[in-house]
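Fold and contact review
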Amino acid sequence: MGARDPEATKARIFEAAVAEFARHGIAGARIDRIATAAKANKQLIYAYFGNKAELFAIVLEKKMLDLAEAVPIDPDDIDGWIDRLMDYHAAHPELLRLLFWEGLEYGTDELPHEDGRREHYRHKVAILQDAQDRGVVTDAIPAGDLMFLLTALANWTAVVPQMRRILVGDGVAERDRLRSSVKEAARRLVAR
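Summary of the structure given here. (Residues numbered from 1 in each chain as written. Predicted model: local features only at pLDDT ≥ 70, side-chain atom pairs only at ≥ 80, totals over all residues. Heavy atoms only, no water.)

Okay, the packing of helix H7 (residues 114–133) against helix H8 (residues 143–159) next. Running from amino to carboxyl end, H7 crosses H8 at an angle of 110°, the nearest separation of the two axes being 8 Å. With respect to H8, the element H7 is oriented roughly perpendicular. Crossing hand, H7 versus H8: right-handed. Each of Lys124, Val125, Leu128, Gln129 and Gln132 in H7 lies in contact with H8, whose residues at this interface are Ala143, Gly144, Leu146, Met147 and Leu150. Across the contact of H7 with H8, the residue classes tally to six nonpolar, three polar and one charged. (Axes fitted to C-alpha atoms, helices over the stretch in contact; angles between N-to-C directions. Helix = DSSP H or I, 4+ residues; strand = E, 2+ residues; numbered from the N terminus. Parallel < 35°, antiparallel > 145°, perpendicular 65-115°, else oblique. Left-handed = near helix turned anticlockwise from the far one by under 90°. Contact = heavy atoms within 4.5 Å. Nonpolar A, V, L, I, M, F, W, Y, C, P; charged D, E, K, R; others polar.)

Its 20 residues give H7 an end-to-end C-alpha distance of 28 Å, which sits within 8% of 28 Å, the value for a rise of 1.5 Å per residue. The complete set of buried residues in H7 reads Glu114, Arg117, His120, Lys124, Leu128, Ala131 and Gln132. Taken around the axis of H7, the buried residues stretch over an arc of 135°, which confines them to a single face. Across from the buried face of H7, at angles greater than 90 degrees, the exposed residues are Asp115, His123 and Asp133. (Expected span 1.5 Å × (residues − 1). Buried < 20%, exposed > 50% of the residue type's maximum accessible area, 1.4 Å probe, protein only. Arc of directions from axis to C-beta.)

Below, the discussion takes up the packing of aromatic side chains. All told, the structure shown has two aromatic pairs when counted by the stated rule. Taking the centre distance of 5.1 Å and the plane angle of 85° together, the rings of phenylalanine 21 and phenylalanine 56 count as edge-to-face. Placement of the pair is phenylalanine 21 in helix H1 (residues 6–28) and phenylalanine 56 in helix H4 (residues 52–70), with a sequence separation of 35 residues. Note on accessibility: phenylalanine 21 and phenylalanine 56 belong to one class, buried. (Phe/Tyr/Trp six-rings, centres within 6.5 Å; stacked < 30°, edge-to-face > 60°.)

The gaps left among the atoms become clear once a water-sized probe is rolled over them. Considering only enclosed or pocket space, the largest pocket measures out at about 940 Å³ in volume. Lining the largest pocket are 32 residues, and of these Leu99, Arg117, Tyr121, Phe148 and Thr151 sit closest to its centre. Within the residue set of the lining of the largest pocket, elements represented by two or more residues are H4, helix H5 (78–91), helix H6 (93–106), H7 and H8. A breakdown of the residues in the lining of the largest pocket according to their chemical character gives 17 nonpolar, eight polar and seven charged. Taken together, 19 residues make up the lining of the second largest pocket; nearest its centre are Thr157, Ala158, Val159, Pro161 and Arg164. Of the residues forming the lining of the second largest pocket, the biggest block, six residues, is contributed by H6. (1 Å grid on protein atoms, 1.4 Å probe; cavity = no way out; pocket = protein on both sides within 12 Å on 5 of 7 lines; lining within 4 Å. Points joined across faces, edges and corners; volume = space filled by probe spheres on them.)

This next bit is on H1. Here H1 is 23 residues long, yet its end C-alpha atoms lie only 27 Å apart, well below the 33 Å a rise of 1.5 Å per residue gives. At alanine 22, H1 shows its maximal kink, close to 80°. Considered for burial, the residues of H1 that qualify are Thr9, Ile13, Phe14, Ala16, Ala17, Val18, Glu20, Phe21, Ala22, Gly25 and Ile26. The elements touched by buried residues of H1 are helix H2 (31–38), helix H3 (42–49), H4 and H6. (Bend = angle between axes of the 7 residues up to and from the residue.)

See below:
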């Protein structure tokens, strides 16, 4: 029998949980399916991550940190940032699915780990506020509102691909045109 590797087991559980939660949401996810997909004992999931809601919170927190690391906000290059954000979500659609499920599950109720999430966004808003203070982007819209609007603009095409297909089309030329339109809208939102 081989030696146990707790870190490898945690990693398998994490990846299985990402897939399960992205597909079924919090309420529909099943720890049994996560355990089977991870080739792990169900009790290990509870030991390593706590209950299902806590596991979801940990999964989402880690995925958000991955995004923040991969695509830092750059108010000095809004076009580039929008491109990188849209590319990231195209390559990692599970993050937006997780956020959408979280919204459906919690609505306006307080989230597990909400203080950490607030801090995550406080940093991003501070970057936009600095850009406003430097005169790089408009200060007509509060920095937090601007962050919300820019991310919604960039992310919505990935959140509702069926609406993108119906309204815009699904060919390469249509997707490229929409991306250009999203970037133009973002430029207008931040314009001084």
